[in-house]
Amino acid sequence: MTKGVLVAISGGVDSAVAVMKAVEAGYHTEAFHLRLSKHDVGLSAAAAIAEGFGIRLHIVDCLNEFEQEVIDYFKTSYLIGETPNPCVVCNPRIKIRYGLKLMDRLGLDVLVTGHYARVVGRNDIGTVLLKGVDAAKDQSYFLHQIQRTAFDRLWFPNGLFTKEEIKALAGKAGFLDIVHKESQEACFLKGDYRDFLGVDADGEGGEVVTRDGCILGRHKGLWAYTVGQRKGLSGLPGGSPWYVLALDHENNRLIVGRSDELLFTGCLVNGINWLVDDPAMVFDCRPQVKIRYRHQGVRAIVEPAEDGMVRVIFDMPQRAVTPGQFAVFYNDEQVLGGGKICG
C-alpha cells in the first residue's frame, strides 16, 4: 500500500495538475521544487500551488549541480560540434535523481512529475515506459535515459490527458492565474544560444566548403552552427539555399550542401540506456526510431556495432541527422531505450 507521494512542482500548469491528481487519488502528498537558478521564476508559483492544496513544499537547492551536469554539458556539446538536448540530460541527473533521494528521505513511495508519458506494470515484462496519449505533447523521448529500475517508483498522471484537457482542469481548479508561463526553450536559455555560450569568435573562423572540398567562404566558429542550419549561410555564392551538412573539427571546416544532401541513410548511437530485459529483441523487431523530439519517427534496422554502440539503418533516408541529439527506439507505444547520435 502506498504511504505517500512526492510531486515535483516547477510552478507551471502541468505540475499543478499533477499535484491535483495525487491529492484527488487520496494519497498523502508532499511536493518539492528544484532551485536551478538565482532568478527562480517558478518558486512563488510553486509555493502558491502547494499552499492551495495545504501540502508541504520542500525547496531543493541544485544550482551548482545543475550548472555542472546540465549547463556545462550544454556548452561543451556545442563547442565540440554536437547539438545538445539538455532536457534529456536533466531528467536522470537532476530532476529524477534528487526527487528520488528526497522521497526516500521522507519515507514516501512514489515520485510524481507532470510529464506527458505513462508508466505501466505488465505481468509478462514488468514496468514499462509508454508514450503519453497526446501524440503532439508526448514527452517519453525526454525520459529514455532514466534507469529502468526507477520507473517502478514513478507516476506521470498527466500522460492520460491531452494538453487541452490539462489546461481545462487547471482552469476549473483556478490555477491559471497562479502558474507561471511555460518556456518553449531550455529553462535556463533566454534568446540565442550563441549569445549564451559567450564564446569569443576572434580567430576561431575557418573555411566553408562543399563535400568535394570547394571553398565557398569563411565561417565565424564551428560552435555557431548545427547540422541542418540554413540561417547564417546567406552570403555564400551559388543561388539556391545552402545548409550545414557537417562540422569538420579536425580541419576547422564547415561543410555545406544543398537541401537534398541533408538526407542520411542511418547513424551510429552510443551511450545506450536499455529499458528492456533483452536488448537483442530490439535488433529483431525493426523498431520505430525518433532522432529528435519533434521527429515523427521512422522504422529502422538496429544492429550491434563496435564498442557497445548500435548502428541504425533507416527504412527511408532521414533529414538532418544530428550528432549530439538522441535516437530513441519504440515498439508501438513502448520505449525500448535510446542513446546519443555520435556519427
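The following paragraphs examine the structure supplied in this document. (Residues numbered from 1 in each chain as written. Predicted model: local features only at pLDDT ≥ 70, side-chain atom pairs only at ≥ 80, totals over all residues. Heavy atoms only, no water.)

1. Some thoughts on the overall build of the protein chain
Put simply, the test is: In this text, helices come from DSSP runs of H or I with a minimum length of four residues, and strands from runs of E with a minimum of two, each type numbered from the N-terminal end. Radius of gyration here uses only the C-alpha atoms, and the compact-globule reference equals 2.2 Å multiplied by the residue count raised to the power 0.38. To sort residues, take the accessible area from a 1.4 Å probe on protein chains only and compare it with the maximum for the residue type: under 20% means buried, over 50% means exposed, and anything in between is partly exposed. Contact between two residues is taken to exist if any of their heavy atoms lie within 4.5 Å; hydrogens are not considered.
Secondary structure summary: the protein chain contains 7 helices and 17 strands in total. The C-alpha radius of gyration computed for the protein chain amounts to 22 Å, which stays within 12% of the reference 20 Å derived for 343 residues, consistent with globular compactness. Here the C-alpha coordinates of the protein chain stretch approximately 65 × 45 × 35 Å along the principal axes. Taking all 343 residues of the protein chain together, the buried fraction comes to 50%. Of the contacts formed within the protein chain by residues at least 6 apart in sequence, a portion of 65% connects residues at least 24 apart.

2. Focus on unusual backbone geometry
In this model, Asn 252 sits at a positive phi of 50°, which is unusual for a non-glycine residue. Position of Asn 252 among the secondary structure elements: in the loop between strand 10 (243-248) and strand 11 (253-257).

3. Thoughts on the pattern of salt bridges
Quick note on the threshold: Any carboxyl oxygen of Asp or Glu that lies within 4 Å of a side-chain nitrogen of Lys or Arg is treated as forming a salt bridge with it.
With the rule as written, the count across this model stands at 12 salt bridges. The closest approach of N and O atoms between Glu 69 and Arg 93, which form a salt bridge, is 3.3 Å. Residue Glu 69 is found in helix 3 (residues 63-79), and its partner Arg 93 is found in helix 4 (residues 86-106); the two are separated by 24 residues along the sequence. Classification of Glu 69 as partly exposed rests on a relative accessible area of 26%. Close ionic contact of Arg 311 with Glu 303 constitutes a salt bridge, the shortest N to O distance being 3.3 Å. Residue classification places Arg 311 among the partly exposed residues on the basis of a relative accessible area of 29%. Residue classification places Glu 303 among the partly exposed positions, given a relative accessible area of 27%. Linked by salt bridges that have partners in common, Glu 303, Glu 306 and Arg 311 make up one network.

4. Quick word on the nonpolar core
Spelled out, the test is: Residues belong to one nonpolar core when they are buried, are Ala, Val, Leu, Ile, Met, Phe, Trp, Tyr or Cys, and are joined through side-chain atoms within 4.5 Å.
The biggest cluster of nonpolar side chains holds 37 residues, and the ones touching the most others in it are Phe 32, Leu 111, Leu 129, Tyr 141 and Leu 154. Going through the elements one at a time, strand 1 (5-8), strand 2 (29-35), helix 3, helix 4 and strand 16 (326-331) are the ones with two or more residues in this core. Here this core takes 9 residues from helix 4, the largest share from any one element. Sequence-distant contacts of Leu 111, that is, excluding residues within four places in its chain, are made with Leu 6, Phe 32, Ile 96, Gly 99, Leu 100, Met 103, Arg 153, Leu 154 and Trp 155.

5. Some points on the environment of Arg 286
For Arg 286, the position within the fold is in the loop between helix 7 (280-284) and strand 13 (288-290). By relative accessible area, Arg 286 is classed as partly exposed at 37%.

6. Some words on the environment of Val 209
Relative to the helices and strands, Val 209 is located in strand 8 (residues 206-209). Taking relative accessible area as the criterion, Val 209 reaches 2% and is therefore assigned buried. For the pair Val 209 and Asp 248, spaced 39 residues apart in sequence, the C-alpha to C-alpha distance is 10.0 Å. Once you skip the residues sitting within four places of it in the chain, Val 209 turns out to touch Cys 214, Ile 215, Arg 253, Leu 254, Ile 255 and Val 256.

7. Brief notes about the sheet that holds strand 10
Pairing between sheet strands relies on hydrogen bonds along the backbone, with the strands arranged either parallel or antiparallel. Definition in use: Each pair of strands is called paired provided DSSP finds at least two bridges between the two strands. Orientation is described by axes fitted as lines to C-alpha atoms, over the contacting stretch for helices, and by angles from 0 to 180 degrees between their N-to-C directions.
Sheet architecture is open: 4 strands sit in the order 9-8-11-10, paired in mixed fashion. Each edge of the sheet is formed by a strand with only one pairing partner; in this case those strands are strand 9 (215-219) and strand 10. For this sheet, the mean angle separating the axes of adjacent strands, direction not counted, is 30°. Summarising the sheet, strand 8 and strand 11 pair through 2 bridges and their orientation is parallel. Along strand 11, the bridge assignment pairs Val 209 with Ile 255.

8. A few points about the packing of aromatic side chains
Selection rule: Any Phe, Tyr or Trp ring, taking Trp's six-membered ring, that has another such ring centre within 6.5 Å forms a pair; planes under 30 degrees apart are called stacked, those over 60 apart edge-to-face, and the others tilted. Each ring is checked for a lysine NZ or an arginine CZ that lies within 6 Å of its centre and within 35 degrees of its normal; such an atom marks a charge sitting over the ring.
Using the criterion set out here, one finds 8 aromatic pairs in the structure. Aromatic side chains Phe 74 and Tyr 78 sit 5.3 Å apart centroid to centroid with 75° between the ring planes, which places their arrangement in the edge-to-face category. With a gap of 4 residues between them, Phe 74 and Tyr 78 both fall in helix 3, about one helical turn apart. Judged by relative accessible area, Phe 74 falls into the buried class, the value being 3%. For Tyr 78, a relative accessible area of 8% puts it in the buried group. Each ring, one from Tyr 141 and one from Phe 142, has its centre 5.8 Å from the other, and the planes form 90°; the classification is edge-to-face. Since its relative accessible area comes to 0%, Tyr 141 is described here as buried. Three or more aromatic residues joined by ring pairs make a cluster, and in this case those are Tyr 141, Phe 142 and Tyr 293. Its guanidinium or amino end placed over the ring of Tyr 330, Lys 131 lies 4.7 Å from that ring's centre, counting from NZ or CZ.

Any functional reading would require information that these geometric values do not contain.
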